[in-house]
Structures are given as C-alpha cells and as structure tokens.
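In case you want the letters, here they are:
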Amino acid sequence: MIRSDRLLYELEPDGFGSRHCESWEQWQPKAHQVLPNFPDDVLKQWLYRHWKGVLCNWGWLDFQSMRFELESWTSEQIQSQIRTPHQEVVDKLSRRMTNPIFQRSWLVQQMQEMGTWPQAPIVLSYERDIAMANGKSLKAPFNLLEGHHRLAYLSKIIEQGVYHQDKHDIWVIRIPTH
C-alpha cells in the first residue's frame, strides 16, 4: 500500500487550527487537483475539517487509490458491520447523549428530529483485519474513519427506541489492492 502522509502534508489548509484558517472555498480546488477522485463532501468533512487527525491516524493509507460510493444502509447493518478501533469513544459519546447539556447539541437535536445523521459518516471497507502502528487493529469488513459522534448518537437513538429512519447514508471507501 502506498503511504499518503507526504501528500497530506502538502494538503494542509493554510493556518489550520488557527482563527485565520484558509477557507474551504480556497482550499477545495487545491485538494481536487491532488485527489480528483474524492467527493466534495468527503474532502470537506474529513480532510479539511480534521486534517491533522487524518494525517496522524490515516496517513498510512493510499489516498490516491481510494474509491468512494455513497450507500444507504439499514440501522441493523450499521450496528452489526461498522467497527472502530476507538469503540470506547463511541460508547462514551453514546452515554453522554442522555445528559441534558448534550441534549442541546445541534447534532443531537437534528438527529432526533430527522431520525438520521445530517451528513454521511465515512467508513473503510477492507477484506481482512489490519494491524495499526498504535497496537490497535481495524476489523474487517467496515471501519469507521469519520463520524464517531454520529455513530454514537444513532446507536443511542436506536437503543432508546426513539424514532429513526430505516436507512442511513454512508460513504464507503474501497482501496484496490496493488
């Protein structure tokens, strides 16, 4: 697999993490030149908003070979097939959802109203488990790359028997083997 950490360094939004970060509108054309196969939604919510986390956690993936498909999954498929090496984070966020302070969150309110997430989370499809450098592993077949809050909140909505839609959009990334 071809590492992408050097490519990601080149894509750092100017001023990332500061008040004067390069705007999405300025950054997007640069990103599309380097990663023309990336949908705007994925570029914006994953690489632009979470650039440093993507670099640190996922720079070892082959970004130039990634292929994307927006799929519609049932709640049961999401709960039974999507894994994350950060399950403890999802569990913690799910427990927080019952806290009145978190009930005021725009995301919690929107998900409770819509019965789904406002933006499709991003998962990586892989045929086998992959050991990561930090000692954790990505469990096949699907691993969550971006959308831990959304996955946690949807899980809690389902667990509580609160209204939720039957299907939810998911961005699925596949990386062809070389």
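Criteria and thresholds
- Residues numbered from 1 in each chain as written.
- Predicted model: local features only at pLDDT ≥ 70, side-chain atom pairs only at ≥ 80, totals over all residues.
- Heavy atoms only, no water.
- Buried < 20%, exposed > 50% of the residue type's maximum accessible area, 1.4 Å probe, protein only.
- Helix = DSSP H or I, 4+ residues; strand = E, 2+ residues; numbered from the N terminus.
- Pairing = 2+ DSSP bridges.
- Arc of directions from axis to C-beta.
- Contact = heavy atoms within 4.5 Å.
- Phe/Tyr/Trp six-rings, centres within 6.5 Å; stacked < 30°, edge-to-face > 60°.
- Axes fitted to C-alpha atoms, helices over the stretch in contact; angles between N-to-C directions.

Chemist: I would appreciate a short explanation of the pairing of strand β3 (residues 122-125) in the present structure.
Modeler: Two faces make up the sheet, and in a regular strand the side chains alternate between them. On β3, burial covers both faces: Ile122 and Leu124 on one face and Val123 and Ser125 on the other are all buried. Sheet topology places β3 next to strand β6 (residues 142-146); four bridges connect them, and they run antiparallel. Each bridged residue has a counterpart across the sheet, and for Ile122 the counterpart in β6 is Glu146.

Chemist: What am I meant to see in unusual backbone geometry here?
Modeler: It is generally the case that most residues other than glycine have a negative phi and that most peptide bonds are trans. The amide bond that connects Ala140 to the next residue, Pro141, takes the cis arrangement and shows omega of 10 degrees. The residue Pro141 is located in the loop between β5 (137-138) and β6 in this model.

Chemist: How should helix α4 (residues 51-58) be read in this particular structure?
Modeler: Since the α-helix turns once every 3.6 residues, residues separated by three or four places project in the same direction. Buried residues of α4: Trp51, Val54, Leu55 and Trp58, and no others. Considered in projection along α4, the buried side chains sweep an arc of 115 degrees and stay on one side of the axis. Counted as exposed and oriented over 90 degrees from the buried face of α4: Lys52 and Cys56. Buried residues along α4 sit against α1 (5-10), α3 (40-48), β5 and β6.

Chemist: Teacher, can you tell me more about the packing of aromatic side chains here?
Modeler: Each aromatic ring pair is summarised here by two numbers: the centre-to-centre distance and the angle between the ring planes. Within this structure, the stated rule accounts for ten aromatic pairs. Considering the side-chain rings of Trp27 and Tyr48, the 5.4 Å spacing of their centres and the 45 degrees angle between planes classify their relative orientation as tilted. Here Trp27, found in helix α2 (residues 24-34), pairs with Tyr48, found in helix α3; they are 21 residues apart in sequence, far enough to count as distant. Tyr48 matches Trp27 in its accessibility class, with the two residues each being buried. Taken together through their ring pairs, the aromatic side chains of Phe38, Trp46, Phe63 and Phe68 make up a single cluster.

Chemist: What should I look at first to understand the sheet that holds strand β7 (residues 167-174) in this one?
Modeler: In a beta sheet, neighbouring strands are held together by backbone hydrogen bonds and run either parallel or antiparallel to one another. The five strands are arranged β1-β7-β3-β6-β2 in an open sheet whose pairing can be described as mixed. Both edges of this open sheet fall to β1 (67-74) and β2 (82-83), since each of them pairs with a single strand only. Across the sheet, helix α9 (residues 148-159) touches β2, β6 and β7, and the angle it forms with β6 is around 120 degrees.

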